[in-house]
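Analysis of the macromolecular model
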Amino acid sequence: MVHHFLRDDDLSPAQQREVLELALEFKRDRYVTQPFVGPQAVALLFDKHSTRTRVSFSAGIAEMGGYPLVIDAGNSQMARGESIADTARVLERMVSAIIWRTFGQERVEEMAAHSAVPVINALTDEFHPCQILADLAAVADARGGVGALAGLDLAYVGDGANNMAHSYLLGGVTAGMHVRIGTPEGYLPDPAIVDRAEQIASETGGSVLVTHWHDDAVRGADVIATDTWVSMGDEGEKADRAKVFEPFQVNAASLELAAPGAQVLHCLPAYRGKEITADVIDGDQSIVWLEAEYRLHAQKALLAWLVRQ
Ligand code: CP
Ligand code: NVA
């Protein structure tokens, strides 16, 4: 059966480890495996803006011998009402994988239900699982290997109800991490995702904490992550969010509370002076550029792994 990657728990802990190990290998040798030699085409569909995801998947597919076929919203017949199912039935005959950034999770699920080739979630309103693979790989690389991830305390502070929070919950505990979400009232993660994360954590030795206090989230953390306070689609709430999220900014005080040498992650794009201060994102403890680079290596690893299942 075809293996899709629609949310972080579509990889078991053992499978996630394999993908992360391969990601680190791709960083050492960008051409270590080339499953798309032919070239085979891979479809990349974007219903929302993107810089990193578009470039990293495109470059990665090319480096693996394939042809990235980038289709923007508005240019496909889906924008004029063709169904997701019919689109899948056509694409699966022509490409080796379908990568899609879109709105509701149910849209990638519908694509996957009608596709005989792997479908990859390149960000939905609910999850951003490719980003978390890159984040985990970057932390692993910076700490000497994938084996270093289990047992780390990872604090995410900011919008607890967004795609990054949900993916840190599922992807983090899959890696055996202790995931703490610090978020204001009214921005709690989806309880079903918290339950699922707790279930995975009980198998991997990880844990989950959701708090309304920035300090409780970051105290002693090995890794601090944040994300924009205004995700794509939330632009209308920008002013309100700036006030509500202010106590959750990642700044020098966050690093004071964290473990010595804690690493800082941000999926980017970042807004300095809002969710993170310039001294922190541009400082010594930030690994955000390594994290961005790992979008390339981790997604190549994911694609190579999925197409050989
Ligand atoms: N982090 C991330 O997904 O970046 P883009 O929106 O630029 O793809
Ligand atoms: N939470 C952000 C992530 C951007 C990569 C968004 O959905 O806009």
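For the structure, see preceding data.
A brief report on the enclosed structure follows. (Residues numbered from 1 in each chain as written. Chains lettered and ligands numbered in written order. Predicted model: local features only at pLDDT ≥ 70, side-chain atom pairs only at ≥ 80, totals over all residues. Heavy atoms only, no water.)

Notes on the nonpolar core
Ranked by internal contacts, the top residues of the largest apolar core, which has 63 residues, are Phe 57, Ile 99, Ile 120, Leu 149, Tyr 168, Leu 302 and Leu 303. Among the elements that make up this core, the one with the highest residue count is helix α5 (residues 129-142) (nine residues). Beyond its immediate chain neighbours, meaning those up to four positions away, Ile 99 contacts Val 42, Ala 43, Leu 44, Leu 45, Phe 57, Ile 61, Ile 120, Ala 122 and Leu 303. (Core = buried A, V, L, I, M, F, W, Y, C linked by side-chain atoms within 4.5 Å. Buried < 20%, exposed > 50% of the residue type's maximum accessible area, 1.4 Å probe, protein only. Helix = DSSP H or I, 4+ residues; strand = E, 2+ residues; numbered from the N terminus. Contact = heavy atoms within 4.5 Å.)

A short note on the site of ligand 2
Around ligand 2 lies a shell formed by Leu 123, Asn 162, Asn 163, Asp 227, Thr 228, Ser 231, Met 232 and Leu 268. Taking Asp 227, its side chain carries an N or O atom lying 2.6 Å from a nitrogen atom of ligand 2. Note that a nitrogen atom of ligand 2 is positioned 2.7 Å from one of the side-chain N or O atoms of Ser 231. Look at ligand 2: alone it shows 270 Å² of surface, and the protein chains cover 93% of it. Comparing atom positions with the cavity grids shows ligand 2 to sit within the largest pocket. Along the lines of polarity and charge, the residues of the shell around ligand 2 split into three nonpolar, four polar and one charged. (Near = heavy atom within 4 Å. Polar contact = N/O pair within 3.5 Å; in protein donor to acceptor, adjacent residues only side chain to side chain. Areas by Shrake-Rupley, 256 points an atom, 1.4 Å probe, with all protein chains shown as cover. 1 Å grid on protein atoms, 1.4 Å probe; cavity = no way out; pocket = protein on both sides within 12 Å on 5 of 7 lines; lining within 4 Å. Sits in = over half its atoms within 2 Å of the grid points. Nonpolar A, V, L, I, M, F, W, Y, C, P; charged D, E, K, R; others polar.)

A look at the packing of helix α3 (residues 84-91) against helix α4 (residues 105-113)
α4 packs onto α3 with a crossing angle of 45° between their chain directions and a minimal axis gap of 8 Å. In terms of orientation, α3 lies oblique with respect to α4. Relative to α4, the crossing made by α3 is right-handed. Contacts from Ile 84, Ala 85, Thr 87 and Ala 88 of α3 reach α4 at Arg 107, Glu 110 and Met 111. Split by residue class, the contact of α3 with α4 holds four nonpolar, one polar and two charged. (Axes fitted to C-alpha atoms, helices over the stretch in contact; angles between N-to-C directions. Parallel < 35°, antiparallel > 145°, perpendicular 65-115°, else oblique. Left-handed = near helix turned anticlockwise from the far one by under 90°.)

Side note on the packing of aromatic side chains
Evaluated as defined, the whole model comprises three aromatic pairs. Look at Tyr 156 and Tyr 168: their rings are 5.5 Å apart centre to centre, the planes differ by 40°, and that puts the pair in the tilted class. In this pair, Tyr 156 is assigned in strand β5 (residues 153-157) and Tyr 168 in helix α6 (residues 163-174), connecting sequence segments 12 residues apart. This pair shows no difference in class: Tyr 156 is buried, exactly as Tyr 168 is. Seen in terms of ring centroids, Trp 229 and Phe 245 are 6.0 Å apart; in terms of plane orientation they differ by 20°. Their pairing is stacked. Separated by 16 residues along the polypeptide, Trp 229 in the loop between β8 (223-226) and α9 (238-245) and Phe 245 in helix α9 bring together distant segments of the chain. With relative accessibility at 5%, the residue Trp 229 sits in the buried group. Lying across the ring of Phe 46, Arg 54 places its NZ or CZ 4.7 Å from the centre. Between the NZ or CZ atom of Lys 300 and the centre of the ring of Tyr 31, over which it lies, the distance is 5.8 Å. (Phe/Tyr/Trp six-rings, centres within 6.5 Å; stacked < 30°, edge-to-face > 60°. Lys NZ or Arg CZ within 6 Å of the ring centre and 35° of its normal.)

In short, shape yes, function no, at least from these values alone.
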